Amino acid sequence: MMTLKVNGHDHQIDADQDTPLLYVLRDDLKLNAAKFGCGLGQCGACTVIVDGKAVLSCVTPLVLLEGKQVTTLEGLGTLSEPAPIQRAFMEEQAAQCGYCIAGMMMRSQALLQRNPKASDEQVRAELAPHLCRCGTHMRILRAVRRAARLMDTAELSPMDNGSAQ
């Protein structure tokens, strides 16, 4: 039995320590945004954020996660209140089939958290491990740029409304 912190909540997990995180997220916690694509860490569909870093959950065993914070797409926002990255991907219509997009959003989120002013080249390099056959790459790039602007605006908002002194 181990405690796994996912999306800000502690979960008691009864699984072998070698179990990939993806299986626990999908099967035990019913968090289905991270997808099983290749199972080999080669497609990016299963990407989540662990302590601020993009991680391929299909090849990350539970034993490496004790005491760490796991964030899935479900932990970023909701349908009624999407996070900036989610909102930007919707506004730019950056998904077609949608299979890879959750992983791309998570990797983009991790990049923008550590580098809010990432260049197009940095975004492209960050997303290079992801396989996408839908052809929305330019929309995805626009969505990441839009998310960076939305995140910047969200950080400024509390000061703008006079709540910060």
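Residues numbered from 1 in each chain as written. Predicted model: local features only at pLDDT ≥ 70, side-chain atom pairs only at ≥ 80, totals over all residues. Heavy atoms only, no water.

Participant: If you had to explain the environment of M104 to someone new, which residues and values would you point to?
Facilitator: Note on placement: M104 falls in helix 3 (residues 101-114). Separated by 25 residues in the primary sequence, M104 and P129 place their C-alpha atoms 9.4 Å from one another. Residues contacting M104, with those up to four places away along its chain left out, are L127, H130, C132 and I140. (Helix = DSSP H or I, 4+ residues; strand = E, 2+ residues; numbered from the N terminus. Contact = heavy atoms within 4.5 Å.)

Participant: Tell me what's going on with the pattern of salt bridges, and back it up with residues and numbers.
Facilitator: Under the criterion given, the structure shown has 8 salt bridges. Here D10 makes a salt bridge to K5, at a shortest N to O gap of 3.8 Å. Its salt-bridge partner being E126, residue R107 comes within 3.8 Å of it at the nearest N-O pair. In this pair, R107 sits in helix 3 while E126 sits in helix 4 (residues 120-127), placing the two residues 19 residues apart along the sequence. Taken together, the shared-partner salt bridges in this structure form one network comprising R87, E91, E92, R142 and R146. (Salt bridge = Lys/Arg side-chain N within 4 Å of Asp/Glu carboxyl O.)

Participant: Pulling in residues and values, what's your account of the sheet that holds strand 2 (residues 9-13)?
Facilitator: Spatially, the 5 strands line up as an open sheet ordered 2-1-5-3-4, and their pairing is mixed. Only two strands of the sheet have a single neighbouring strand rather than two, namely strand 2 and strand 4 (53-56). The mean inter-strand angle of the sheet, taken between neighbouring strand axes irrespective of direction, is 40°. In the sheet, strand 3 (residues 47-50) pairs with strand 4 via 4 bridges, with the strands oriented antiparallel. Of the residues in strand 4, the one forming a bridge with V48 is V55. (Pairing = 2+ DSSP bridges. Axes fitted to C-alpha atoms, helices over the stretch in contact; angles between N-to-C directions.)

Participant: Summarise the side chain of S108; cite the residues concerned and give the values.
Facilitator: The residue S108 is located in helix 3 in this model. If near-sequence neighbours (up to four positions away) are discounted, S108 is found in contact with I85, F89, L127 and V144.

Participant: Describe in detail the confidence of the model for the chain, supporting the description with residues and values.
Facilitator: On average, residues of the chain score 90 in pLDDT, and 93% of them reach the 70 mark or higher. Here residues 158-165 is a poorly scored stretch, pLDDT under 50, and it has 3 contacts once near neighbours within four places are set aside; other chains count. (pLDDT = per-residue confidence, 0-100.)

Participant: Just give me the short version of the environment of R87, but keep the residues and values in it.
Facilitator: Checked against the element boundaries, R87 lands in helix 2 (residues 84-91). Assessed through its relative accessible area of 38%, R87 is described here as partly exposed. The sequence separation of R87 and R146 amounts to 59 residues, and the corresponding C-alpha distance is 9.0 Å. Ignoring any residue separated from it by four or fewer positions in sequence, one finds R87 in contact with P82 and L150. (Buried < 20%, exposed > 50% of the residue type's maximum accessible area, 1.4 Å probe, protein only.)

Participant: Quick one: what's the story with helix 3, residue by residue and with numbers?
Facilitator: Since the α-helix turns once every 3.6 residues, residues separated by three or four places project in the same direction. Between its terminal C-alpha atoms helix 3 stretches 20 Å, which fits the 20 Å expected from 14 residues at 1.5 Å a residue. Counted residue by residue, helix 3 has 12 buried out of 14 residues, so it is predominantly covered. Turning to helix 3, its buried residues number three or more, namely I101, A102, G103, M104, M105, M106, R107, S108, Q109, A110, L111 and L112. (Expected span 1.5 Å × (residues − 1).)

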